[in-house]
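Breakdown of the fold
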Amino acid sequence: MDSKVKEELEQFQPKFELLGPLKDKVDEAVNFLCELFGRERPGTIFLSFNGGKDSIVTFHLARLALFKLQKLNPSIISDNESFASYMNRYLRFVYFEEKNSFREMIQYLDKMVMKYQISLEVFERDFKKSLEKLVSEKDLKFIIMGTRRTDPFSSHLKVLAPSDEGWPSFTRILPILDWDYAEVWSFIRTLGIEYCALYDMGFTYIGNQENSSPNPKLFRKDTGDYLPAYEGHPEDEYLSRCTAKLGTS
């Protein structure tokens with residue numbers, strides 16, 4: 001395994017102690033994903049990655065789970081295989097492309113793909129049509145998503161959530177379903193994880209240029225700019241949504 005990747009992931013460990021009660025949720029999510037990766041056939045598990053704060057958390061939880069799986073079963077990765085190759089072998093990444101995306105988000109996604117060597121597959125944002133194709137042509141059985149219970153139409157979901165009636169057959173994996181807004185930002189900031197610059201411009205939700213704007217509750221009259229997203233109140237998270245569209249960021 002790449003020494004830099006190993007060093008990076010191992011450096012996360014002492015920071016977990018700074019997470020307080022959230023550490024238990026992190027451990028639970030990592031253990032759950034580790035068991036999933038160890039049980040299911042490599043290549044049948046996908047992760048929906050759009051660069052939003054919630055998908056950032058699920059991405060890093062998945063990396064930590066794969067790191068743990070490799071430590072438990074060293075033979076699953078050969079001496080000359082990179083961590084990126086191992087990760088892309090076990091976990092596939094899909095981006096349901098936003099139309100009229102923000103330039104900052106496109107730049108962030110490109111940077112993440114380069115930095116972590118993600119093999120990111122791009123599909124149109126017609127979820128049902130794209131998922132039908134992923135199931136029939138790409139062997140998708142599970143998809144890890146950053147859905148949280150406060151998201152629209154998500155209050156009834158479980159961590160293992162079978163697809164709805166009328167949709168192709170697959171299972172949604174929702175490791176941060178019961179995390180709240182503050183916990184998402186605590187994980188990102190405590191571990192020093194890079195995120196899209198728009199969050200520092202007052203966006204608490206990022207969809208596209210037509211349905212997202214800076215959160216008015218974060219506007220500072222004295223300076224004329226906005227506080228960063230992590231200063232926002234959980235109840236105000238979706239004030240960045242200009243229209244009620246589905247998706248989590």
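Up top you'll find the structure we're talking about.
This text gives an overview of the structure that appears in the document. All of these numbers come straight from a predicted model, not from anything done at the bench. Sequence order sets the numbering: in each chain, residues are counted from 1 along the sequence as written. Only residues with pLDDT of at least 70 get local features here, since the model is predicted, and only at 80 or more are side-chain atom pairs given and counted; chain-wide, interface and lining totals rely on the full set of residues. Water and hydrogen atoms were dropped before computing side-chain values, which therefore reflect all heavy atoms in the structure.

**Overview of helix α2 (residues 22-39)**
Helix and strand definitions follow DSSP, with helices as H or I runs of at least four residues and strands as E runs of at least two, each counted in order from the N terminus. Multiplying one less than the number of residues by 1.5 Å gives the expected span of a helix. A rise of 1.5 Å per residue sets the reference length of α2, with its 18 residues, at 26 Å; its end C-alpha atoms lie 26 Å apart and thus fit the reference within 8%. Only protein chains enter the accessibility calculation, which uses a 1.4 Å probe; a residue whose area is less than 20% of its type maximum is buried, one above 50% is exposed, and one in between is partly exposed. Buried within α2 are the following residues: L22, V26, A29, V30, L33, C34, L36 and F37. Seen from one end, α2 has its buried residues packed into an arc of 160 degrees, which puts them on one side. For α2, the exposed residues lying more than 90 degrees away from the buried face are D24, E28, E35, G38 and R39. In this description, the arc belongs to the directions extending from the helix axis to the C-beta atoms.

**What about the pairing of strand β2 (residues 91-97)?**
Across the seven residues that make up β2, a large majority, five, are buried. Of the pairings in the sheet, the one linking strand β1 (residues 45-48) to β2 comprises four bridges and is parallel in character. Paired with F46 across the two strands is R92, which belongs to β2. By the bridge criterion, five bridges tie β2 to strand β3 (residues 120-124) in an arrangement that is parallel. By the bridge assignment for β3, Y95 is matched with V122. Convention used here: a crossover is right-handed provided that the path from the first strand, over the helix, to the second strand proceeds clockwise when the strands point away from the viewer. Running through helix α5 (residues 103-116), the crossover from β2 to the neighbouring parallel element β3 is right-handed. Here the rule is simple: two strands pair whenever DSSP picks up at least two bridges between them.

**Some points on the nonpolar core**
The nonpolar core is taken to be a set of buried Ala, Val, Leu, Ile, Met, Phe, Trp, Tyr and Cys residues, with the residues joined through side-chain atoms within 4.5 Å. Grouped together as the largest cluster of nonpolar side chains are 60 residues, with contacts concentrated most on V26, F37, L61, L91, W179 and F187. The greatest single-element share of this core, amounting to ten residues, is contributed by helix α3 (residues 53-72). By the convention used here, residues are in contact when the closest approach between their heavy atoms is within 4.5 Å. Discounting chain neighbours no more than four positions away, the residues touching W179 are L22, K25, V26, V57, L61, R148, V184 and F187. Formed by nine residues, the second largest nonpolar core is a distinct cluster that contains F46, V94, F96 and L131.

**As for the pattern of salt bridges**
Throughout this description, the term salt bridge denotes a Lys or Arg side-chain nitrogen within 4 Å of a carboxyl oxygen of Asp or Glu. Within this structure, the stated rule accounts for 21 salt bridges. Its salt-bridge partner being E81, residue R89 comes within 3.0 Å of it at the nearest N-O pair. Taking the shortest distance from any N to any O, the salt bridge between R172 and D164 comes out at 3.3 Å. Assessed through its relative accessible area of 43%, D164 is described here as partly exposed. Overlapping salt bridges bring together K53, D54, R148 and E237 as one network.

**Points about the packing of α2 against α3**
With their axes 8 Å apart at the nearest point, α2 and α3 run at an angle of 60 degrees to one another. With respect to their mutual orientation, α2 and α3 come out oblique. α2 and α3 meet at a crossing whose hand is right-handed. In contact with V26, A29, V30, N31, L33, C34, F37 and G38 of α2, α3 contributes L61, A62, L64, A65, L66, K68, L69 and L72. Only the stretch in contact is used when fitting a helix axis, every axis being a line fitted to C-alpha atoms; angles between N-to-C directions are given from 0 to 180 degrees. Throughout this description, any angle smaller than 35 degrees is read as roughly parallel, any larger than 145 degrees as roughly antiparallel, any in the 65 to 115 degree range as roughly perpendicular, and the remainder as oblique. Here is the rule for handedness: rotate from the far helix to the near one, and if that takes an anticlockwise turn smaller than a right angle the crossing is left-handed, while a clockwise turn gives right-handed.

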